[in-house]
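Coordinate inspection notes
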Amino acid sequence: MKNKCRACKGETSQKGFLFKCINKDCGAVFWHRKILSENLENDIVFKKQLLLAEIPPTKNKDHFVYVIQLSRKKNEVEDSVYVGRTWRHPYERYLWHLSNKNKQGSSHVIKRGKVMINFEGPMSQQKAEKREPELAEELKDKFIVYWG
Ligand SMILES: [Zn+2]
């Protein structure tokens, strides 16, 4: 499996199918798409992959906002990102998107999800609801932004 960081091209560490950039200024994370050959609709298989990736547990009221960079479409010259909000750990949420588990994937991320470049949290649900559109707005200078 290719293991260079998809954001900065630096070195990564691997746990299961999850790759994490070891450059602290970057910190991007991505799931290798080979994980999609596992039967992720099966909850036991899905949970096992989360364990292998050592995704930290979250508390009941934790919420997060996150940013996933998308692969460029043919002839696209600008990068795009998807901004979302979740009560799951963001790395786990990313996998729900990629695998479209229980139809909980965004079409943008299912097809073009490339690398999670950032997440914020844990925070309260209220804060996350406020932060999501703010973050989308902040990213508009640099990216085409999809959210919500
Ligand atoms: Zn990186």
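A brief report on the enclosed structure follows.

Brief notes about the overall build of the protein
Check the secondary structure of the protein and you find four helices and seven strands. Traced from its N-terminal end to its C-terminal end, the protein shows the element sequence β-β-β-α-β-β-α-α-β-α-β. Whereas a compact globule of 148 residues would reach a radius of gyration of roughly 15 Å, the protein reaches 15 Å, a difference of no more than 12%. Here the C-alpha coordinates of the protein stretch approximately 40 × 40 × 30 Å along the principal axes. With 148 residues in all, the protein has 32% of them scored as buried.

A word on the environment of Leu18
By the secondary structure assignment, Leu18 is in strand 2 (residues 18-21). Taking the C-alpha atoms as reference points, Leu18 and Gly105, 87 residues apart in sequence, are found 18 Å from one another. The residues contacting Leu18, other than those within four sequence positions of it, are Val29, Trp31, Ala53 and Tyr91.

What to know about unusual backbone geometry
Cis peptide bonds are those with omega within 30 degrees of zero, and the linkage from Gly121 to Pro122 qualifies with 5 degrees. Along the chain, Pro122 turns up in strand 6 (residues 113-123). Its identity is not glycine, yet Lys9 carries a phi of approximately 70 degrees, on the positive side. Examined against the element boundaries, Lys9 turns out to sit in the segment before strand 1 (12-15). Taking the number of C-beta atoms within 10 Å as the measure of exposure, Lys9 has 10 and is therefore exposed. Its identity as a non-glycine residue notwithstanding, Asn102 has a phi of 50 degrees, on the positive side. Given 10 C-beta atoms within 10 Å, Asn102 falls into the exposed group.

Digging into the pairing of strand 1
As defined by bridge partners, strand 1 adjoins strand 2 across four bridges and the pair is classed as antiparallel. Residue pairing in the sheet places Lys15 in a bridge with Leu18 of strand 2. Where strand 1 folds back onto strand 2 in an antiparallel hairpin, the turn is made up of two residues, including Gly16, whose phi is positive at roughly 60 degrees.

Things to note about helix 2 (residues 90-99)
The element helix 2 is largely enclosed, with a buried count of eight among its ten residues. Those residues of helix 2 lying buried are Pro90, Tyr91, Arg93, Tyr94, Leu95, His97, Leu98 and Ser99. Where helix 2 is buried, its residues touch strand 2, strand 3 (29-31), strand 4 (63-70), strand 5 (80-86), helix 3 (107-112) and strand 6. Looking at the residues trailing helix 2, positive phi occurs at Asn100, about 50 degrees.

Topic: the environment of Ala28
Tracing the sequence through the fold places Ala28 in the loop between strand 2 and strand 3. Considering only alpha carbons, one finds Ala28 and Ala7, 21 residues apart in sequence, at a separation of 6.5 Å. The residues contacting Ala28, other than those within four sequence positions of it, are Cys5, Arg6, Ala7, Cys8, Cys21, Val115, Met116 and Ile117.

Conventions adopted
- Residues numbered from 1 in each chain as written.
- Predicted model: local features only at pLDDT ≥ 70, side-chain atom pairs only at ≥ 80, totals over all residues.
- Helix = DSSP H or I, 4+ residues; strand = E, 2+ residues; numbered from the N terminus.
- Rg over C-alpha atoms; globule rule 2.2 N^0.38 Å.
- Buried ≥ 20, exposed ≤ 12 C-beta atoms within 10 Å, placed from the backbone.
- Contact = placed C-beta atoms within 7 Å.
- Pairing = 2+ DSSP bridges.

Purely geometric stuff here, so don't read any function into it on its own.
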